Amino acid sequence: SDLDSPIGVPIDLGLDSEYVVFQRHFPDGEPAGQRLNFKPSISLPFIDQGGFIIPKFALQHTQYWLSGQDNTASNSLSKTLPIVSLDSGLFFERDFDALKHTIEPRLFYLYVPYVDQSDMPNFDTSLYDFNSSSLFRDNEFNGVDKTQNTNQITTALTTRVVDEGRDLLKLTVGEIFYFADRKVGLTGNENNKELLSNLITEVSSELSDELKLTSSLHYSYKEAAIDRAAADFRY
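All values derive from a computational prediction rather than experimental measurement.

S.K.: For a nonpolar patch on the surface, give the residues involved together with the corresponding values.
M.R.: Residues Leu13, Ile42, Phe46, Ile53, Phe57, Leu59, Val84, Leu86, Tyr109, Tyr111, Phe177 and Phe179 make up a contiguous nonpolar surface patch of about 990 Å² in total accessible area. Taken together, the elements giving at least two residues each to the nonpolar patch come down to β5 (51-67), β6 (76-90) and β8 (99-112). Per element, the largest residue contribution to the nonpolar patch is three residues, and it comes from β5. Inspection of the secondary structure puts isoleucine 42 in strand β3 (residues 32-43). Overall, the relative accessible area of 35% leaves isoleucine 42 in the partly exposed class.

Shown next, in the form of structure tokens:
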């Protein structure tokens, strides 16, 4: 929901919540049980035609009531973490006859403290595929069983050539700089000390209303080589 603050800046209030019951018809030693997730958030978007700054604070609480555990394991587990982010960007454009050229730099800062989650079950969570959208997510996991710890900043640049509202050419380059080791893994604690994510380059073109070309390239600093390349042509 949108509210007006006393200083005239809109306040965005959000709430993500879910309650799920997980059952196992074929016991395999893994627990079953109930999971409640509750994630309220508040942000103050400063947005105009030339750019934006969006500070945001969220609090994620996940509660489990488990069954099928051995006698030494707790049947009630929970985690609560603050998630702090600051998203910002600028928008420059210039007209060339019928075409419009834009340059859009963007910075995204994210901080999530570390909480040990190694004793918590993983019912339906996995890693997101790493792409340009991953640069601006507040969690690298696509479920609520795991919440990453991080202190990072994303730098990205997008430039477009626009023809009558259609992206005739779009180029995005970006990567994440990590200031702290990431310790939360899917199956237990890890110790990821990498300082840089893969460098992502994505190029797309809407050749017409029916034809679209998309390609991407990931460069790994750790391997000093191209980690992934893909191209997609759609009619």
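S.K.: Now, about the environment of tyrosine 219: what can you tell me, with residues and values included?
M.R.: Along the chain, the position of tyrosine 219 falls in strand β14 (residues 212-220). Distance in space between the C-alpha atoms of tyrosine 219 and asparagine 191 is 22 Å, their sequence separation being 28 residues.

S.K.: Any chance you could break down the pairing of β14 for me, citing the residues and the numbers?
M.R.: One ladder, built from eight bridges, connects strand β13 (residues 199-206) with β14; its direction is antiparallel. Following the sheet pairing, leucine 199 is matched in β14 by tyrosine 219. Between β13 and β14, which follow one another and run antiparallel, lie five residues. Two strands pair when backbone bridges link them, and β14 and strand β15 (residues 225-234) are joined in this way by nine bridges, in the antiparallel orientation. Paired with serine 215 across the strands is alanine 231, a residue of β15. Where β14 folds back on β15, the antiparallel hairpin that results is connected by four residues, among which alanine 224 adopts a positive phi of roughly 55 degrees.

S.K.: Which residues make up the environment of leucine 127, and what values do they have?
M.R.: By the secondary structure assignment, leucine 127 is in the loop between β8 and β9 (150-163). In contact with leucine 127, not counting residues within four places along its chain, are Glu140, Phe141, Asn142 and Leu186.

S.K.: Can you break down the side chain of aspartate 163 residue by residue, with the values?
M.R.: Locating aspartate 163 in the fold gives a position in strand β9. For aspartate 163, the contacting residues outside a window of four places in its chain are Ala98, Leu99 and Leu168.

S.K.: Lay out the packing of aromatic side chains in plain terms, naming residues and giving numbers.
M.R.: On inspection of all chains with the given rule, the structure shows four aromatic pairs. Both rings, one in phenylalanine 108 and one in phenylalanine 136, keep their centres 6.1 Å apart while their planes meet at 75 degrees; by these two values the pair is edge-to-face. Here phenylalanine 108 is found in strand β8, whereas its partner phenylalanine 136 is found in the loop between β8 and β9, with 28 residues between them in sequence. Note on phenylalanine 108: relative accessible area 5%, which makes it buried. Judged by relative accessible area, which is 22%, phenylalanine 136 ranks as partly exposed.

Basis of the calculations
- Residues numbered from 1 in each chain as written.
- Predicted model: local features only at pLDDT ≥ 70, side-chain atom pairs only at ≥ 80, totals over all residues.
- Heavy atoms only, no water.
- Patch = residues over 30% accessible without salt bridge, like charges linked within 9 Å, V, L, I, M, F, W, Y side chains within 5 Å.
- Areas by Shrake-Rupley, 256 points an atom, 1.4 Å probe, with all protein chains shown as cover.
- Salt bridge = Lys/Arg side-chain N within 4 Å of Asp/Glu carboxyl O.
- Helix = DSSP H or I, 4+ residues; strand = E, 2+ residues; numbered from the N terminus.
- Buried < 20%, exposed > 50% of the residue type's maximum accessible area, 1.4 Å probe, protein only.
- Pairing = 2+ DSSP bridges.
- Contact = heavy atoms within 4.5 Å.
- Phe/Tyr/Trp six-rings, centres within 6.5 Å; stacked < 30°, edge-to-face > 60°.

Remember, this is a structural readout, not a statement about activity or role.
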